[in-house]
Amino acid sequence: MRKVVGVFNAPPVYALGLASALLDADYQLEAIAEPRAWLLHHRGATVLVGVHQLCDLDVVVELKASEPDLVVVTLVDEMTVAAVEASLGAGATGSVALDAPAEEVLLALSAAMANNTVLPAGIARSMAERGTRATDSGDIEDNDLESLRSLAAGETVAELGKRLGYSEREMYRRLRRLYARIGARDRTDALMRAARRGWLD
C-alpha cells in the first residue's frame, strides 16, 4: 500500500513533477487545498508544506497543534540556518529545499517518517556553532524579550495581548512566530531556552 503524502503551498508544477518521482518510491502525493480538512481523511499521513515566508509556518504550528504526531517536512525557498531553525521550531520534523532533486525530498521524507532529520552538513555545523554561541539576545527584539519575561512571570497570553494592544488570537500568532525564530517548539521550550541564554534576568 502506498504511503500518502500531502503537499500544501507548493507550485502545482512542482507537485506534479514530484508526484511522478514519488510514485516510483511507493508514495502517493496529493495536493492539499485545506490542510485541516484533508487531515480528517488522511490520519497518519505525512505533509510537505511550502514555506516562502515566516507566516507560512503558522500552518505547520496549527497542524502540529491539532495532530502532534503528524510528520511535517517543510519545502523552503533556500536552505539556510534561519529557515531550518524556524521550520523545526514550528514543529516540522525536517526541511528540504524547494528546488532539491526528488532523491533529496525522498531522503528527507524517509528520515522524517523514522523521526529523524537529514540536514546538509554545513547547515548542521552552523546550527551547532550558533547554539554554542547563543548567549545574548541579539536575535530577538526588546519587545520579544519583554513578552518572554512576562510569560515567565506568570502573565497569561490574553493579559499580555491586552497590555500590548493585540487580541488574544493575534498574540498567540505573534508568540508562535517568536518561538519559531528562537528554535523553540512551544512556550515551555521557549522559556527554557530564554532562561539558558540569560534573557529572563
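See the structure printed just above.
Residues numbered from 1 in each chain as written. Predicted model: local features only at pLDDT ≥ 70, side-chain atom pairs only at ≥ 80, totals over all residues. Heavy atoms only, no water.

A. Layout of the overall build of the protein. Counting secondary structure elements, the protein contains 10 helices and five strands. Expected size for 201 residues packed as a compact globule is a radius of gyration near 17 Å; at 18 Å, the protein falls within 12% of this value. The dimensions of the protein, computed from C-alpha atoms along their principal axes, are 55 × 35 × 25 Å. With 201 residues in all, the protein has 45% of them scored as buried. For the protein, the accessible surface area stands at approximately 10,500 Å², while carbon and sulfur atoms represent 52% of it. Averaging the locations of the 22 positively and 29 negatively charged side chains of the protein gives two centres separated by 4 Å. (Helix = DSSP H or I, 4+ residues; strand = E, 2+ residues; numbered from the N terminus. Rg over C-alpha atoms; globule rule 2.2 N^0.38 Å. Buried < 20%, exposed > 50% of the residue type's maximum accessible area, 1.4 Å probe, protein only. Areas by Shrake-Rupley, 256 points an atom, 1.4 Å probe, with all protein chains shown as cover. Lys, Arg positive; Asp, Glu negative; His and termini not counted. Charge placed at Lys NZ, Arg CZ, Asp CG, Glu CD.)

B. Focus on a negative patch on the surface. A grouping of D77, E78, D99, E103 and E104 is seen on the molecular surface, where their side chains present a negatively charged patch. Counting through the fold element by element, E103 comes out in helix α5 (residues 102-113). Classification of E103 by relative accessible area gives exposed; the value is 60%. (Patch = residues over 30% accessible without salt bridge, like charges linked within 9 Å, V, L, I, M, F, W, Y side chains within 5 Å. Salt bridge = Lys/Arg side-chain N within 4 Å of Asp/Glu carboxyl O.)

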